[in-house]
Amino acid sequence: MIPWINIAILIVASIIFTVFYVKSVKPATLERKIGASAYKKCTTYRLVASYGMGIVFINYILYFFFPLPINFPVVFPWSWWVSALIALFLAVPSLFLMTKGVKDAGEETMTPKREHKMYGGIYEKIRHPQALGEFPLWWVIAFLVHSPFLVILSFAYVPIWYYFCIAEENDLKIRYGKAYEEYCNRVGFWIPK
C-alpha cells in the first residue's frame with residue numbers, strides 16, 4: 001500500500017508544482033488583471049511550486065525503500081556505483097547551469113519584481129539555463145536510488161520544463177516587449193546559437 005500512496009503523492013505534487021510554477025512565471029499577464037500586487041502573488045506561487053518539487057524529491061527517495069510491486073526491475077542490472085557515476089556525469093553540468101542561472105538571475109529566481117531588468121551573464125548564451133540545469137536532476141536522483149522505473153518516469157519532466165520555459169517567454173514578451181523578442185532572435189532557447 002505504501003508504494004502506491006508514495007506514487008500517488010508524487011503525481012499530485014507534480015501536478016501542483018506544474019500548475020503553480022506556470023502561474024509564477026506570468027506576473028506581467030497577472031498584472032494586467034490585478035495590478036502591481038501580481039508580482040508578490042507570483043512569488044507565493046513560486047514558493048508553492050518549490051515545496052511541490054521538494055515533495056517529489058522526497059517521493060523519489062522513498063521509492064528506493066518502497067518500489068511499486070509491479071513486473072518491472074526494481075534496480076538496474078549493474079552495480080550501484082555505475083548508476084552513481086551516471087548520476088555524477090549528469091549532475092556536474094546540470095548543477096553548473098542551474099547555479100550559474102540562479103546567480104545571474106539574482107533574486108528574480110524566486111521573487112519576480114516588476115523593476116527587474118533582463119538578465120546578463122549566462123543568459124547571453126542560452127535563455128533558460130536554470131530549466132536546462134534543473135530537469136536532468138530528476139535523472140540524477142533516479143540513478144542515485146538505482147531505479148529504472150524512476151529514470152523512465154523522469155522523462156515526463158522534460159515536456160513539463162519545456163512548457164515552463166514557453167509560459168515564461170510568453171510573459172517576458174509582455175514584460176519587456178520588442179527587447180525580449182530581439183533577445184530571442186539573438187540567444188538560443190536551450191542550445192547556444
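Sequence positions are assigned chain by chain, starting from 1 and proceeding in written order. This being a predicted model, a pLDDT of at least 70 is required before a residue's local features are given, and a value of 80 or more before pairs of side-chain atoms are given or counted; all residues contribute to the totals for chains, interfaces and linings. To get the side-chain values, take all heavy atoms of the structure and skip hydrogens and water.

Chemist: Report on the overall build of the chain, specifying residues and quantitative values.
Modeler: In DSSP terms, a helix is any run of H or I states spanning at least four residues, a strand is any run of E spanning at least two, and both are numbered starting from the N terminus. Check the secondary structure of the chain and you find nine helices and zero strands. In the chain, the succession of α and β elements from N to C terminus is α-α-α-α-α-α-α-α-α. For 193 residues, the compact-globule estimate of 2.2 N^0.38 gives 16 Å, and the chain sits close to it at 18 Å. Here the C-alpha coordinates of the chain stretch approximately 50 × 35 × 20 Å along the principal axes. Per-residue burial for the chain yields a buried fraction of 45% across its 193 residues. Only heavy atoms enter the contact rule, under which two residues are in contact if any of them lie within 4.5 Å. Taking as baseline every contact in the chain between residues at least 6 positions apart, the subset at least 24 positions apart corresponds to 76%. Surface accessibility in these figures is a Shrake-Rupley result with a 1.4 Å probe; residues are shielded only by whichever protein chains are displayed. Summed over its atoms, the accessible surface of the chain is roughly 10,500 Å², and 72% of this surface lies on carbon and sulfur atoms. Our radius of gyration is a C-alpha quantity, and the globule rule it is checked against amounts to 2.2 Å times the number of residues to the power 0.38. Categorising residues by exposure relies on relative accessible area from a 1.4 Å probe, with only protein chains included: less than 20% of the type maximum marks a residue as buried, more than 50% marks it as exposed, and the intermediate range marks it as partly exposed.

Chemist: Talk me through the side chain of Thr18; I want residue IDs and the actual numbers.
Modeler: Structurally, the position occupied by Thr18 is in helix 1 (residues 2-24). In the analysis that follows, any N or O atom pair within 3.5 Å is treated as a polar contact, provided that within protein one partner can donate a hydrogen and the other can accept it, and provided that, for residues neighboring in sequence, both atoms belong to side chains. There is a polar contact of 2.7 Å between the side chain of Thr18 and the backbone oxygen of Ser14. The contact partners of Thr18, leaving out residues within four places of it in the chain, are Ile160 and Phe164.

Chemist: Account for helix 1, naming residues and giving values.
Modeler: The first and last C-alpha atoms of helix 1 sit 32 Å apart over 23 residues, in line with the 33 Å expected at 1.5 Å per residue. Of all the residues in helix 1, the buried ones are Pro3, Asn6, Ile7, Leu10, Ala13, Ser14, Phe17, Thr18, Tyr21, Val22 and Ser24. Buried residues in helix 1 make contact with helix 2 (27-34), helix 3 (38-65), helix 6 (137-144), helix 7 (148-154) and helix 8 (157-176). By this rule the span expected of a helix is its residue count minus one, scaled by 1.5 Å.

Chemist: So what's going on with the packing of aromatic side chains? Residues and values would help.
Modeler: Stacked, edge-to-face and tilted are the three classes for Phe, Tyr and Trp ring pairs, Trp counted by its six-membered ring, which pair at centre distances within 6.5 Å; planes under 30 degrees apart are stacked, over 60 edge-to-face, the rest tilted. Under the criterion given, the structure shown has 24 aromatic pairs. Centre to centre, the rings of Phe17 and Trp161 are 5.6 Å apart; their planes meet at 65°, and the pair counts as edge-to-face. With Phe17 in helix 1 and Trp161 in helix 8, this residue pair connects regions lying 144 residues apart in the sequence. Residue classification places Phe17 among the buried positions, given a relative accessible area of 0%. Both rings, one in Phe17 and one in Phe164, keep their centres 6.4 Å apart while their planes meet at 65°; by these two values the pair is edge-to-face. Residue Phe17 is found in helix 1, and its partner Phe164 is found in helix 8; the two are separated by 147 residues along the sequence. Among the residues examined, Phe164 registers a relative accessible area of 3% and is labelled buried. Taken together, the ring pairs connect Phe17, Tyr21, Tyr60, Trp138, Tyr157, Trp161 and Phe164 into an aromatic cluster.

Chemist: Provide a residue-level description of the layout of surface pockets, including the pertinent values.
Modeler: Points on a 1 Å grid, built from protein atoms alone, make a cavity when a 1.4 Å probe fits but cannot get out and make a pocket when they are open with protein on both sides within 12 Å along at least 5 of 7 lines; residues with an atom within 4 Å of a point are the lining residues. Grid points are joined across faces, edges and corners, and a volume is the space filled by probe spheres set on the points. Estimated volume of the largest pocket: approximately 550 Å³. Lining the largest pocket are 33 residues; nearest its centre among them are Tyr21, Arg46, Tyr123, Gln130 and Glu168. Looking at the lining of the largest pocket, the elements with two or more residues in it are helix 1, helix 3, helix 4 (80-105), helix 5 (129-134), helix 8 and helix 9 (178-186). The element that contributes the greatest number of residues to the lining of the largest pocket is helix 8, accounting for eight residues. Only Asp, Glu, Lys and Arg are considered charged in this grouping, and only Ala, Val, Leu, Ile, Met, Phe, Trp, Tyr, Cys and Pro are considered nonpolar; every other residue, Gly among them, is considered polar. When its residues are assigned to classes, the lining of the largest pocket shows 20 nonpolar, five polar and eight charged. Of the volumes computed, that of the second largest pocket is approximately 180 Å³. Together, Ser50, Met53, Gly54, Phe57, Met98, Glu134, Leu137, Trp138, Ile141 and Trp161 line the second largest pocket. Sorting elements by how many residues they give to the lining of the second largest pocket places helix 3 first, with four residues.

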